[in-house]
Amino acid sequence: IRRVAAAIGLVACLPAAALLVGGLLQSELSTPAIRSALERTLFNPDLLGFRVLIHPATILSGLVLAAGLNLVPLLRLGLERRPGTLVGTLAIRTRSVHLGVALAALGLMGVILGYAFIENFKVVPTHVQVRESEWQPVGTPRVVRVMPNDEPLTLRLYVPGGPPTTSGSRVIGIEDTLLLVATPPANGD
């Protein structure tokens, strides 16, 4: 049974390993022939391999399955009752095949999740000091309420050229060509 768990774990790691190796081969270091071969085979959306094997559910569930199947044979939990005490033990067995498969699955999962986080992470400034000469207003300001009972906010859209610096303003979104600033009403409003 232990060999079967290790074999299933290795097979479950294959889609993640194929994705990782394919991504590395498709990087800037590869040749046009390699990229063309990958687009015809592994990354071809018309093939079953792309739709099933490279699907995120297949990859992540395979890695969880591989790690789970191979970590269970390594751990031994025990509880023993002695007069007046309850003794618990945790033993880790050194089975190199299971340890190797479990570490490979956890390593692949860490690389894939780390890449997904870094690729999708975006710093959005919420309080930015902007100088008048950098942006200019476009259109008329709009007064909005996020929720019905919230204080109204004045939204102004700017393009490069110069917004007035207003204390208390909050930058909602900033891109290379547009800036959206929310200003709460003045105390007298």
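Presented here is an overview of the structure given in this document. Just so you know, these numbers come straight off a predicted model, no measurement behind them.

What about the overall build of the protein?
Looking only at helices and strands, the protein features five helices and six strands. Its helices and strands in sequence order give the protein the pattern α-α-α-α-β-β-α-β-β-β-β, from N to C terminus. For the protein, with 189 residues in total, the buried portion stands at 21%. In the protein, 54% of the contacts between residues at least 6 apart in sequence involve partners at least 24 apart. Accessible area of the protein: about 13,600 Å², with a carbon and sulfur share of 65%.

Examining the nonpolar core
Counting residues in hydrophobic clusters, the biggest one holds 11 residues: Ala-12, Cys-13, Ala-16, Ile-59, Leu-63, Ala-66, Ala-67, Ala-105, Leu-108, Met-109 and Ile-112. For this core, the secondary-structure elements that each account for two or more residues are helix H1 (2-25), helix H4 (56-71) and helix H5 (96-120). Ignoring any residue separated from it by four or fewer positions in sequence, one finds Ile-112 in contact with Ala-16, Leu-19, Ile-59 and Leu-63.

Side note on the layout of surface pockets
Looking at the largest pocket, its volume works out to about 380 Å³. If you trace the largest pocket, you find 13 residues lining it, with Leu-19, Leu-20, Gly-23, Ile-112 and Tyr-115 closest to the centre. Contributions of two or more residues to the lining of the largest pocket are made by H1, H4 and H5. Split by residue class, the lining of the largest pocket holds 12 nonpolar, one polar and no charged.

As for the pairing of strand E2 (residues 85-92)
Of all eight residues in E2, zero are buried, a share of ten percent or less. As judged from the eight bridges shared by strand E1 (residues 75-82) and E2, these two strands associate in the antiparallel manner. What sits directly across from Gly-78, in E2, is Thr-89. In this structure, the hairpin formed by E1 and E2 is closed by a connection of two residues, where Gly-84 is found at a positive phi of approximately 85 degrees.

Section: the environment of Leu-38
By the secondary structure assignment, Leu-38 is in helix H2 (residues 32-40). Along the backbone, Leu-38 and Leu-25 are 13 residues apart, and their C-alpha atoms lie at a distance of 8.3 Å. Those residues in contact with Leu-38 that lie beyond four places of it in its chain are Gly-22, Leu-25, Gln-26, Phe-43 and Asn-44.

Notes on the pattern of salt bridges
Counted under the stated rule, the structure contains one salt bridge. Residues Arg-82 and Glu-80 are paired through a salt bridge, measuring 3.1 Å at the closest nitrogen-oxygen approach. Residue classification places Glu-80 among the partly exposed residues on the basis of a relative accessible area of 41%.

Side note on the packing of H4 against H5
Close contact between H4 and H5 brings their axes to 8 Å; oriented N to C, the two are set at 150 degrees. In this view, H4 runs roughly antiparallel relative to H5, as classed from their interaxial angle. Crossing of H4 against H5: the hand is left-handed. Every residue of H5 that contacts H4 at Ile-59, Leu-60, Leu-63, Val-64, Ala-66, Ala-67, Asn-70 and Leu-71 is listed here: His-98, Val-101, Ala-102, Ala-105, Leu-106, Leu-108, Met-109, Ile-112 and Leu-113. Of the residues assigned to the contact of H4 with H5, the class counts are 15 nonpolar, two polar and no charged.

About the thresholds
- Residues numbered from 1 in each chain as written.
- Predicted model: local features only at pLDDT ≥ 70, side-chain atom pairs only at ≥ 80, totals over all residues.
- Heavy atoms only, no water.
- Helix = DSSP H or I, 4+ residues; strand = E, 2+ residues; numbered from the N terminus.
- Buried < 20%, exposed > 50% of the residue type's maximum accessible area, 1.4 Å probe, protein only.
- Contact = heavy atoms within 4.5 Å.
- Areas by Shrake-Rupley, 256 points an atom, 1.4 Å probe, with all protein chains shown as cover.
- Core = buried A, V, L, I, M, F, W, Y, C linked by side-chain atoms within 4.5 Å.
- 1 Å grid on protein atoms, 1.4 Å probe; cavity = no way out; pocket = protein on both sides within 12 Å on 5 of 7 lines; lining within 4 Å.
- Points joined across faces, edges and corners; volume = space filled by probe spheres on them.
- Nonpolar A, V, L, I, M, F, W, Y, C, P; charged D, E, K, R; others polar.
- Pairing = 2+ DSSP bridges.
- Salt bridge = Lys/Arg side-chain N within 4 Å of Asp/Glu carboxyl O.
- Axes fitted to C-alpha atoms, helices over the stretch in contact; angles between N-to-C directions.
- Parallel < 35°, antiparallel > 145°, perpendicular 65-115°, else oblique.
- Left-handed = near helix turned anticlockwise from the far one by under 90°.

Without other data, these values stay purely geometric and don't point to any function.
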